[in-house]
Structures are given as structure tokens and as C-alpha cells.
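Here is how the chains run, residue by residue.
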Amino acid sequence: MQHIRAHVLVCGGTGCKSSGSEKVEAAFRSEIEKMNLQNEIMVVETGCHGFCEHGPLVIVYPEGTFYCSVKEDDVKEIVEEHLFKGRIVDRLLYREPLTQEKVPTYSEIGFYKKQERIVLENCGVINPEAIEEYVALGGYEGLAKALTEMTPEGVVEEVKKSGLRGRGGGGFPTGMKWQFAAGSVNDKKYVICNADEGDPGAFMDRSVLEGDPHKVLEGMAICAYAIGADEGYIYVRAEYPLAIQRLEVAIKQAEEMGFLGNNIFGSGFNLTLHIKEGAGAFVCGEETALMASIEGKRGMPRPRPPFPAVSGLWGKPTNINNVETFANVANIIVKGADWYCGYGTEKSKGTKVFALTGKINNTGLAEVPMGITMKEIIYDIGGGINDGKKFKAVQIGGPSGGCLPEHLLDLPVDYDSLISAGAMMGSGGLVVMDEDTCMVDVAKFFLNFTQSESCGKCTPCREGTKRMLEILTRITEGLGREGDIELLESLAKNIKETALCGLGQTAPNPVLSTLKHFRNEYEAHIMEKRCPAGVCDKLANYVITDACKGCGLCAKGCPVNAISGTVKEKHIIDETICIKCGACMTACPFKAIVKA
Amino acid sequence: MKTLDDLKALREKLKEDIRVRKNDGIKIIIGMGTCGIAAGAREIMSTILDEIATRNLQNVQVQQTGCIGMCEQEVLVDVIRPGEDRITYGKVDVNDAKRIVAEHVVNGRIVEDKVIGKIKQD
Ligand SMILES: Cc1cc2nc3c(=O)[nH]c(=O)nc-3n(C[C@H](O)[C@H](O)[C@H](O)COP(=O)(O)O)c2cc1C
């Protein structure tokens, strides 16, 4: 028998898997065996660390050395040099993008320094398929404490006191929601976890489920006890196969250990959990549509009230929360509401996980205390804008949210500040955009998404978003008319006020917020037929520069014969015939055609 | 599993399996430079790992280091107990390695006849 002296943690999140972490893990196992070190070194597959940009990630303990972008071919060197001889493989360490400084350990990297990890505390630290590792770090103590030392009312009170608000987008106080469900008298109640995660760009729920599934199960179990439910569903989209697989393993292990099932902790409390795979329609993330989908009906929302707390799944009182919301619960019970209130602002307690994407150096997942500024997220954690470009705007809250321009970067990120700035927290997707982005095009992108995801049940959403999209499309094609901006605004107002569910009620937000902060770009498109960022193809003027060698390839490539010129002399484009397809630019071998 | 205490007892047991990820406790550092390996550092490492397992020691971390320039003194083994000086042992053989674990790591008594250096830890 030998002491296990080192652990090699290989990230097995979806991001790292797609960049080859499975091969890396296999290589570690075989190289370690070749060196006959398998009795003293353990290889562990973990969930996501959030630093997906630099995957596959490998951390070696006890030193805590953080290796980035590890390829299969690098493994032999790590095993021979680091694991055998104790020499850190310098070239695979992370470098800070601004200083080029090499950083040996996890905790010193700028990306992690400003983070406060509560929800993600175990992600990337434990093997998500081994319940023992979760328990070793204090797992299921929240459930044990709730069941053996607290009344259901006491649990509700504690969650209310913590100030926790829903992380699924709306920000409704969680404790209050639990109280409503607890107060509904019925012999059958349900608890549901919303893991539909439909916002484009958001992947925090997936990462939590893949990296620490038991944390979500524990939160659900505590909730079920508090409201008096004995059955629950996790609604996950089928596009998340790894999350589903890990949830299945987790539920089975929790049942075997007695954390789920009958008479949990001898308290008489029973809970059965099921997984329901969704087909990936955005509207099925809306709670009433989600429940219809679980019931086997078409996923369409219905008017509320009655709220789910009164009449939910199969007409029974139901409490539904988001994955991240549930992932906060166990810590609140174990460490107490007062501890939790130590993070965040007066009205937004705790932390929020953001998915950083777009033109930013460090894309990935970051958990920060509420109230941190957008600037800190983008520059300190995100490492600033790619390729030395200038920041233009950040889109927050996905298709229901809005864009914030540079002068709002000092805004504290919390539910209420964001709403007052015309955006919203949403699920926490952050798309950073640089100077090359056209804001009308961005608005069109999001509206195109909501429009195609509209379920069609109510007229304002079905017809209204279509009309708005038509107007945006014609603006970007140079056919915008005077009065279009006003028409967009009045349609937006009507849809917001009359749509049946949150999808329609928030669909106009990307348009309204870009109109608010970037109205001049709309005006340039409409009045001057010009796209200031040079994105909208139909508004671009293609010009042949002096670099032209007169080869004639552009003229051959032009589908409408708009280009003329003699061989070996500079060609010209006839603006009146050109349809702005860009084929000439692709055809030119001398980069002599530019968009102006 | 009936009570919170049952769970806590289980946790204490399971905690040891992932202790390596905490980087705390007593450190044993073995010189694994080319010189160290040539002098038999691998065997010393295996011996120490065996001893830790046999004695079921919980809060010990084993690390390696490269050549520190005292090649003629290899195999070099350092022991750092939290809050105490870093002790460097030289010319460690299998027997010495067992003594170092039994005496210094377990009981806190330095194996004086093998010590070649002491470094104050802050
Ligand atoms: C169109 C639409 C899509 C939604 N998608 C999600 C989703 O993917 N995940 C989620 O947790 N909540 C989503 N919601 C919010 C849910 O309706 C519900 O408010 C939420 O699950 C409640 O949980 P919370 O209080 O923990 O945030 C969506 C709402 C709408 C209107």
C-alpha cells in the first residue's frame, strides 16, 4: 500500500472536452502507468473551472500548479518532469495577457482573484461523479441540518432572511416564493429545477450541473422539505447530455447513500427526483410552459395567476427555481443567512455567476459578489478587449436584456441598477462588443432569436416581433424610412404591455436599449444609408484601391457584371449596379477591394 | 445515516482522501534532481510513501524538488512541520527514511545524526 501523494485534476467540462481533455486524461493514465506511478498518483476528472478559453485545464496537487491548453503530447513531459522529478513545466503555465507574467497557481491568476466562489466552490475541485468527494467537502450537511434541527418554517425564514433572489432572470425573492408554496394546502406538491438555460451565450447552469450536481440536488431537497413536496423534476435541455448523465449518476448515488428516497435522515421526509429532458425551445424555460412540457403537452405559457405556488404541475402547488438559485441554498442553511448577507448589496445579496463571451480576452465563467462594477468584470477578470480594440458596449441579460455603453461601465451590477439602466440581470450572459460592432445589427440578432422562438400563442408576440424584425431588417438593408424609429418604439411599448409571457414582454428590450444609447447609429442607417461600423453588407460601398493589378478576377466573380476595366489596369465598380454581395472582395488575390 | 453527526463522521473519514488538494500539514520534500535519482531517490520516495500509508498518517504531503547543488549529499530529504524550521537531511538511505518518518514526522523529534541544514521558516 502506498500513500497517494499527488492528484492530477483534468477538467471534464463540456468546453475542455471539446478541446480534447478526454485524450489528455487518457494520456495521463497511460504515462503514469508507464512510469509505474499509478499507486502514488491519482487522476481525477472534474467539472468546469470556468476558464474555458484556456482549456484543456490540468491542475496538479499538492502544489496546485495550473496548466493551460494542455495537449496530449504535453502529458509525457508533465509526468516525467513534474510528477516524477518535481519540476514544473514552465511553458504550460498561464500568462497574464497584459504583463506576460507566468502564474504558477490557480489562486494568483487575475481571472480568479476578484471572484467569490460560493455556487462554483466545488466546480473543478471535485469529481462530480463521486458523491464521496462532495460529502468530504461538507456536502449534504445543509440537508441534514434542515431535516434534523430545523422546522420547514425555520428553513423558509432562513432563506427569506438571506435575501436570496431568483437567478433565472426575474430576481424574485426565493424565500417568499417558498412561503407561498408552503402555505398552499394540498396532499401533493412538487419542486422543479429549471435547467432549460435557453439564453444564447449562457452556460453557468450547465457548468454547475456538470461540475457539482449534488449541490443542486441538495438545494432541491431542502426546498422540498420547506414547502412539503415529496416529488421533483429537473428540467434539462437534451442538448446537455453530459449534465444529464452526471445528474443521473448523482441521483443514484444520493439514493444509495440515503440523501434521497424514503425517510431521509430518519425524519420521515421522502423525496423522489426525476429528470425530464426538454427539446430546447426557449419558451420552455418560462415556468408555465415548462410545466406544460413536463405534463407532455405542447410547451406554451398560460396566464398567471394562478401562480405555480397555487396551481402548478398537474394542478398541484409547485415551487420552481433556477439551477443557480438552488445551488446557493445549502450554504445558506449551513453557514446561515447572516453569513450570506455579507456578500452583495442591500437589495441584491450573494454572488452571481456570469458567462463572459464576445470580444474579451478571458472568456469563461466568473462568479462575483453582487454590486461589483461592470468595469471590474470586463477588465480585471475578463482581461480587457481582444486585439487592442476599443470597447463599445456590453450586452447583458440575453435576448431579454439590453446593452450598456461605455459611460455606464461604473454601474454596480445588481438587479435594480441594471433595470434602471434599461438592461437586466437575466441569467447572467455577458457579451462584450468592440468598435467593429453595429448596434442595429445586434438588436436585429436578438430580435431574430426571440421572434423565431415565439410560440405563437399571443398576437402581440407572434405578430409584433415579426413587424419589428421587418423594420430592423429594412433599416440594415438601407431601406429604412423616416418614422421607422418612432414606429419601433410604439410597437415595442405595445408588445411589452400586452404580451402573454416574459418572452414577448422582454423581446423589445434589446431594440429599446440600443435605441436609447446608440440612436445615432439607427439614424445613420436610415438617413445617410450608412453603417458606421461597416457591418451591414447592403450599406457597404465596395471600392477598388490602387493595389489593383487588373487581373480581372473580380469582374469574373461579380454576379451582376458591375465591374469593368481593361486587363492590367485598375478596375472600377459601378455603384448603381452593385448588389453589395462581397463576391469581388473574396475573389481578389491582392486585397485590393475594401468596404468603405 | 440518521443524524447530522453520522454525516459529519463520514465526512471526516472521506476528507482524508482529498487532503492532497489542500496543501497543508507536514511537508516531506525529496530531492529528485538527476543526482538525487542516481543516488536512489525513487526508492526513498517509495519507502516514505509506504511508511505514510502503513502508519495511516493523515496530514502529510510529499513533494519533490530538483537539484539544490549539494549533489554529493544526495539523497536529500527535507521535513517541514508547520511553524517549525525546515530540516534538511543528507545521504538518506532506506533505513534513514523510515527513521525520519517515525521520529521526526510522527513524533516531532529531529533525527540529529542525519541533519545537514536548518532553515528558519517565516
Ligand atoms: C421566455 C422565458 C425563458 C426563460 N428561461 C429560463 C431558463 O432557461 N432558466 C430559468 O431558470 N428561468 C427561465 N425563465 C424564468 C422562469 O420562468 C422562472 O421565473 C424561473 O425559473 C424561476 O426561478 P428563480 O426564481 O430561481 O429565478 C424564463 C422565462 C421566460 C419568460
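Residues numbered from 1 in each chain as written. Chains lettered and ligands numbered in written order. Predicted model: local features only at pLDDT ≥ 70, side-chain atom pairs only at ≥ 80, totals over all residues. Heavy atoms only, no water.

**Q** Would you mind showing me how to read the overall build of chain B here?
**A** Each helix and strand in chain B was counted, giving four helices and five strands. Listed N to C, the secondary structure of chain B is α-β-α-α-β-β-β-α-β in terms of helices and strands. Along the three orthogonal principal directions, the C-alpha set of chain B runs to about 60 × 30 × 20 Å. Out of the 122 residues belonging to chain B, those deemed buried represent 47%. Considering only contacts in chain B between residues 6 or more positions apart, those separated by 24 or more positions represent 65%. Total accessible area on chain B stands at roughly 5900 Å², and carbon and sulfur atoms take up 46% of it. Between the mean site of the 20 positive side-chain charges and the mean site of the 20 negative ones, chain B shows a separation of 5 Å. (Helix = DSSP H or I, 4+ residues; strand = E, 2+ residues; numbered from the N terminus. Buried < 20%, exposed > 50% of the residue type's maximum accessible area, 1.4 Å probe, protein only. Contact = heavy atoms within 4.5 Å. Areas by Shrake-Rupley, 256 points an atom, 1.4 Å probe, with all protein chains shown as cover. Lys, Arg positive; Asp, Glu negative; His and termini not counted. Charge placed at Lys NZ, Arg CZ, Asp CG, Glu CD.)

**Q** What exactly am I supposed to notice about the site of the ligand here?
**A** Residue and element names in this part refer to chain A. Among the 18 residues in the neighbourhood of the ligand, the closest are listed as Gly168, Lys177, Asn321, Asn322 and Thr325. Within the contact set of the ligand, an oxygen atom lies 3.3 Å away from a backbone nitrogen or oxygen of Gly198. For the ligand, an oxygen atom lies 2.8 Å from a polar atom in the side chain of Asn321. Contact with the protein chains covers 87% of the free accessible surface of the ligand, which is 610 Å². Where the shell around the ligand is concerned, the elements lending two or more residues are strand 11 (318–322) and helix 20 (502–506). Grouping the constituent residues of the shell around the ligand by class yields three nonpolar, nine polar and six charged. (Near = heavy atom within 4 Å. Polar contact = N/O pair within 3.5 Å; in protein donor to acceptor, adjacent residues only side chain to side chain. Nonpolar A, V, L, I, M, F, W, Y, C, P; charged D, E, K, R; others polar.)

**Q** Looking at this structure, how should I read the domain arrangement of chain A?
**A** Frequently, the measure chosen for interface size is the accessible area removed from exposure when the parts meet. As assigned here, chain A comprises domain 1 (6–112), domain 2 (131–341), domain 3 (351–434), domain 4 (439–527) and domain 5 (541–595). In this structure, domain 2 of chain A and domain 5 of chain A have C-alpha centres spaced 60 Å apart. (Domains from an automatic or database assignment.)

**Q** Please explain the pattern of salt bridges as it appears in this structure.
**A** It is possible for side chains bearing opposite charge to pair when their charged atoms get close. Residue and element names in this part refer to chain A. Scanning all chains against the criterion turns up 58 salt bridges over all chains. Residues Glu45 and Lys17 are paired through a salt bridge, measuring 3.2 Å at the closest nitrogen-oxygen approach. Taken together, the residues Glu45 in strand 2 (residues 41–46) and Lys17 in helix 1 (residues 14–18) connect sequence positions 28 residues apart. Here Glu80 and Lys76 are joined by a salt bridge, their closest N and O atoms 3.0 Å apart. With a gap of four residues between them, Glu80 and Lys76 both fall in helix 3 (residues 75–85), about one helical turn apart. A residue is classified by how much of its surface remains accessible, and Lys76, at 42% relative accessible area, is partly exposed. (Salt bridge = Lys/Arg side-chain N within 4 Å of Asp/Glu carboxyl O.)

**Q** Please clarify how the interface of chain A and chain B should be interpreted in this entry.
**A** At the interface, 43 residues of chain A touch 35 residues of chain B. For the chain A and chain B pair, buried surface summed over both sides reaches about 3200 Å², with 59% attributable to carbon and sulfur atoms. Considering only the surface of chain A that becomes buried against chain B, His3(A), Arg5(A) and Pro62(A) emerge as the three largest contributors, covering 20% of it. Where chain A touches chain B, the interface holds three salt bridges. For Arg11(B), the salt bridge goes to Glu141(A), with nearest N and O atoms at 2.3 Å. The interface formed by chain A and chain B contains eleven residue pairs in polar contact (both at pLDDT 80 or more). Secondary structure elements with two or more residues in the side of chain A that touches chain B: strand 1 (6–11), strand 2, helix 3, helix 5 (131–136) and helix 6 (141–149) of chain A. Here the side of chain A that touches chain B takes five residues from helix 6 of chain A, the largest share from any one element. Residue classes in the side of chain A that touches chain B are distributed as 21 nonpolar, twelve polar and ten charged. (Buried area = accessible area lost by both parts, 1.4 Å probe.)

**Q** Explain helix 13 (residues 323–335) of chain A to me, please; I cannot follow it from the model alone.
**A** Quick reminder: α-helices carry 3.6 residues per turn. Residues three or four places apart thus point the same way. All names here are of chain A. The buried fraction of helix 13 amounts to eleven of the 13 residues, a majority that puts the element mostly inside the structure. Among the residues making up helix 13, those that are buried are Val323, Glu324, Thr325, Phe326, Ala327, Asn328, Val329, Ala330, Asn331, Ile332 and Ile333. Two to three positions downstream of the cap, the backbone nitrogen of Glu324 sits 2.8 Å from a side-chain oxygen, assigning the N-cap of helix 13 to Asn322. Where helix 13 ends, the next residue or the one after it, Gly336, has phi of about 95 degrees, a positive value.

**Q** Is there a simple way to think about the nonpolar core in this case?
**A** Inside soluble globular proteins, nonpolar side chains tend to come together where they are buried. Counting 72 residues, the largest nonpolar core has Tyr140(A), Trp178(A) and Leu217(A) as the members making the most contacts within it. Here the element with the most residues in this core is helix 10 (residues 213–227) of chain A; it accounts for ten residues. Counting only domains with at least three residues in this core, you end up with domain 2 (131–341) and domain 3 (351–434) of chain A. Apart from the residues within four sequence positions on either side, Tyr140(A) is in contact with Ile131(A), Tyr134(A), Val135(A), His214(A), Leu217(A), Glu218(A), Ala254(A), Phe259(A), Phe265(A) and Leu7(B). (Core = buried A, V, L, I, M, F, W, Y, C linked by side-chain atoms within 4.5 Å.)

**Q** Help me out: how do you make sense of the pairing of strand 12 (residues 351–358) of chain A in this one?
**A** The two faces of a sheet get side chains in turn, since along a regular strand they alternate between them. Residue and element names in this part refer to chain A. Most of strand 12 sits out of view: six of its eight residues are buried. Note: strand 12 against strand 13 (residues 364–369), six bridges, orientation antiparallel. Note on strand 13: the bridge partner recorded for Ala355 is Leu365. Counted along the chain from strand 12 to the antiparallel partner strand 13, the turn is five residues long. Where strand 12 lies against strand 16 (residues 429–434), four bridges are found, and the strand directions are parallel. The residue bridging Ala355 from the neighbouring strand is Gly429, located in strand 16. (Pairing = 2+ DSSP bridges.)

**Q** For this particular structure, what's the right way to read helix 2 (residues 21–34) of chain A?
**A** Residues and elements named next belong to chain A. The end-to-end C-alpha distance of helix 2 is 20 Å, a good match for the 20 Å that 14 residues give at a rise of 1.5 Å each. Taken together, the buried positions of helix 2 are Ser21, Val24, Glu25, Ala27, Phe28, Glu31 and Ile32. Down the axis of helix 2, the buried side of the element spans an arc of 160 degrees, and every buried residue falls inside it. Exposed and facing more than 90 degrees away from the buried side of helix 2 are Lys23, Glu33 and Lys34. As for helix 2, its buried residues are in contact with strand 1, helix 1, strand 2, strand 3 (58–61) and helix 3. (Expected span 1.5 Å × (residues − 1). Arc of directions from axis to C-beta.)

**Q** It is not clear to me how the sheet that holds strand 4 (residues 65–67) of chain A should be interpreted in this structure. Could you clarify?
**A** To summarise the sheet geometry, strands pair through backbone hydrogen bonds and adopt either a parallel or an antiparallel arrangement. All names here are of chain A. Here we have four strands laid out as an open sheet, ordered 2-1-3-4, and mixed in their pairing. Since the sheet does not close on itself, it has two edges, and those belong to strand 2 and strand 4, each with one partner. Pairwise comparison of adjacent strand axes, ignoring direction, gives a mean angle of 20 degrees for this sheet. Here strand 1 runs beside strand 2; their pairing, made up of six bridges, is parallel. (Axes fitted to C-alpha atoms, helices over the stretch in contact; angles between N-to-C directions.)

**Q** What exactly am I supposed to notice about unusual backbone geometry here?
**A** What you tend to see is this: most non-glycine residues have negative phi, and most peptide bonds are trans. Omega for the bond connecting Arg304(A) with Pro305(A) falls within 30 degrees of zero, at -5 degrees, which places this linkage in the cis form. Assignment of secondary structure puts Pro305(A) in the loop between helix 12 (287–294) and strand 11. Residue Glu74(B) is joined to Val75(B) through a cis peptide bond whose omega torsion reads 5 degrees. If you check the backbone angles, Glu197(A) has positive phi at about 40 degrees while not being a glycine.

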